[in-house]
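Chain by chain, the residues:
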Amino acid sequence: MFFPLETLMVRQADLKKDRFYKRAKQEGYRSRSAFKLLQIVRKFGVLKKGDVVVDLGAAPGGWSQVAAGVVGGGGRGRGRGVVVSVDLQPMEKIAGVVAVQSDLTNEDETVKVVKEVLLSRGKALVVDAVISDASPKLSGNRSYDQFRSLELSRSALKIASALLNPHGAEDQEGNFVAKIFQGAYYEQFYGAVKERFRFARSFSPSASRKRSAEIYVIGKGLKKRQGKWK
Ligand SMILES: C[S@@+](CC[C@H](N)C(=O)[O-])C[C@H]1O[C@@H](n2cnc3c(N)ncnc32)[C@H](O)[C@@H]1O
């Protein structure tokens, strides 16, 4: 599939006419991307109340706002979920969200930082969902950008494999969502998700721009494995 990169660069004037941009402003979301996660959650049920969620490539925080809303972050009661948001950039505070700065391609360090946050919040080291909307800065070279998108998605999958708990029960599944740019590497990544999760699908939310190359790969129920996933 061919997607000219210039279609990914959105002009300010077009943005103002965009219905998801307008809705994000009206509903207090930090990004129009929030609606992509809302659609994914509605269709695939990847998040639920009380979950511990890791949001990779989280800034400015639209997905984290949606995740915190679903898991019930921000309160003090038992069973309240929490969202740990990871990005290279700092993020403004959101109730129920702990933001950390880390390069997710440094997977071991990111896993360590997330575990430290969970321990400091008195949480068990059990993560229910890892979601990633991470994108590389576009270079204008389509193949190179597709490869960098693959690298981010692959790192997200490694982090998910290290943090998610492989349960059997359907209501305790370890779930995964990651963005990848369609192109040469997409099948490879989809295959890796399919190998690790009981259920795998790819999905283009209507909130994605029509000509955008992005697609989301969803995995539900991390499979049990002898030894750790690599
Ligand atoms: C499309 S934005 C995410 C939008 C976000 N989901 C929201 O709803 O507000 C992509 C993010 O990926 C982050 N990112 C790119 N490479 C990264 C890396 N190596 N480690 C951590 N974050 C990264 C960028 O800093 C950027 O904030």
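Structure: above.
Before going into details, it helps to say that this report is about the structure given with it. Given the structure is predicted, the values throughout are model-derived calculations rather than measurements.

The next thing to look at is the packing of helix 5 (residues 107-120) against helix 6 (residues 142-163). The interhelical angle for the contact between helix 5 and helix 6, taken along N-to-C directions, is 45°, at an axis separation of 10 Å. By the angle class used here, helix 5 and helix 6 are oblique. At the point where helix 5 passes helix 6, the crossing takes the right-handed sense. Mapping the contact onto sequence places Glu-107, Thr-110, Val-111 and Val-114 in helix 5 and Ser-155, Lys-158, Ile-159, Ala-162 and Leu-163 in helix 6. Grouping the amino acids of the contact of helix 5 with helix 6 by side-chain chemistry returns five nonpolar, two polar and two charged.

A few words now on the sheet that holds strand 1 (residues 52-56). Strand order across the open sheet formed by seven strands is 3-2-1-4-5-7-6, with mixed pairing between neighbours. Strands at the two margins of the open sheet, each flanked by one partner only, are strand 3 (97-101) and strand 6 (197-203). Neighbour to neighbour, the strand axes of the sheet diverge by 20° on average, direction disregarded. The strands touched by helix 3 (residues 34-44) are strand 4 (129-132), strand 5 (175-181), strand 6 and strand 7 (214-222); relative to strand 7, the strand with the most contacts, the crossing angle is about 40°. Strand contacts of helix 6: strand 1, strand 4, strand 5 and strand 7, with the helix running at about 170° to strand 5, the strand carrying the most contacts.

Turning to the nonpolar core, a few remarks are in order. Val-53, Val-54, Leu-56, Ala-67, Val-130, Ala-156 and Leu-163 are the most contacted members of the largest nonpolar core, which has 61 residues in total. Among all residues touching Val-130, those that are not within four sequence positions of it are Val-54, Leu-56, Ala-156, Ile-159, Ala-160, Leu-163, Leu-164 and Phe-176.

Take the site of the ligand next. Among the 23 residues in the neighbourhood of the ligand, the closest are listed as Ser-31, Ser-33, Gly-57, Gly-62 and Asp-133. In the shell around the ligand, the residues fall into 11 nonpolar, eight polar and four charged.

So, on to the environment of Pro-136. Following the sequence through the fold, Pro-136 ends up in the loop between strand 4 and helix 6. Pro-136 sits in the partly exposed class, given 16 other C-beta atoms within 10 Å. The spatial distance from the C-alpha of Pro-136 to the C-alpha of Phe-147 is 9.5 Å, given a sequence separation of 11 residues. Those residues in contact with Pro-136 that lie beyond four places of it in its chain are Asp-145, Arg-148, Ser-149 and Leu-152.

What counts as what
Residues numbered from 1 in each chain as written. Predicted model: local features only at pLDDT ≥ 70, side-chain atom pairs only at ≥ 80, totals over all residues. Axes fitted to C-alpha atoms, helices over the stretch in contact; angles between N-to-C directions. Helix = DSSP H or I, 4+ residues; strand = E, 2+ residues; numbered from the N terminus. Parallel < 35°, antiparallel > 145°, perpendicular 65-115°, else oblique. Left-handed = near helix turned anticlockwise from the far one by under 90°. Contact = placed C-beta atoms within 7 Å. Nonpolar A, V, L, I, M, F, W, Y, C, P; charged D, E, K, R; others polar. Pairing = 2+ DSSP bridges. Core = buried A, V, L, I, M, F, W, Y, C linked by C-beta atoms within 7 Å. Buried ≥ 20, exposed ≤ 12 C-beta atoms within 10 Å, placed from the backbone. Near = placed C-beta within 6 Å.

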